[in-house]
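Topology and contacts: notes
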Amino acid sequence: MTSKQRAYLKGLAMTMDPILNVGKSSVTPELITSIDEAIKKRELIKIGVLKNCMDDPKIIAETMAERTHSQVVQVIGKKIVLYRKNKENPKIQLP
């Protein structure tokens with residue numbers, strides 16, 4: 001992903017609210033399944049990391065991206081943005 005594409009996706013994600021939250025149990029198989037389903041529908045998702053989660057958000061983001069075959073767009077504080085292009089029905093056209 002180029003820096004221009006990443007900047008475009010960051011702009012789209014700015015107005016989004018987190019659709020999933022990572023809690024005390026951190027990254028679970030159920031959470032990965034939920035992320036995979038959400039990213040399949042939306043392509044771009046924002047995830048919140050709750051205060052009771054003791055893991056580093058950057059490590060959590062890398063783990064999620066690896067397990068869902070997506071890309072980390074950005075990690076700011078306790079917010080994670082992931083992107084994966086939907087091959088059958090793309091919703092976002094990257095520059």
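Residues numbered from 1 in each chain as written. Predicted model: local features only at pLDDT ≥ 70, side-chain atom pairs only at ≥ 80, totals over all residues. Heavy atoms only, no water.

So, on to the overall build of the protein chain. When helices and strands are tallied, the protein chain shows 3 helices and 4 strands. Overall, the protein chain shows an N-to-C arrangement of helices and strands of α-β-α-β-α-β-β. The C-alpha radius of gyration computed for the protein chain amounts to 13 Å, which stays within 12% of the reference 12 Å derived for 95 residues, consistent with globular compactness. Expressed along its principal axes, the backbone C-alpha trace of the protein chain runs to roughly 35 × 25 × 20 Å. Counting the 95 residues in the protein chain, one finds 42% classified as buried. (Helix = DSSP H or I, 4+ residues; strand = E, 2+ residues; numbered from the N terminus. Rg over C-alpha atoms; globule rule 2.2 N^0.38 Å. Buried < 20%, exposed > 50% of the residue type's maximum accessible area, 1.4 Å probe, protein only.)

What follows concerns the pairing of strand E2 (residues 44–49). Of all 6 residues in E2, 6 are buried; the element is thus mostly enclosed. Because side chains alternate across E2, one face comprises the buried residues Leu44, Lys46 and Gly48, and the other comprises Ile45, Ile47 and Val49, equally buried. Note: strand E1 (residues 20–22) against E2, 3 bridges, orientation parallel. Residue pairing across strands places Leu20 opposite Ile47, the latter belonging to E2. Of the crossover connections in this fold, the one passing from E1 over helix H2 (residues 29–42) to the parallel E2 is right-handed. Sheet analysis places E2 next to strand E4 (residues 79–83), joined by 5 bridges and oriented antiparallel. Bridged to Leu44 within E4 is Tyr83. (Pairing = 2+ DSSP bridges. Right-handed = clockwise from strand over helix to strand, strands pointing away.)

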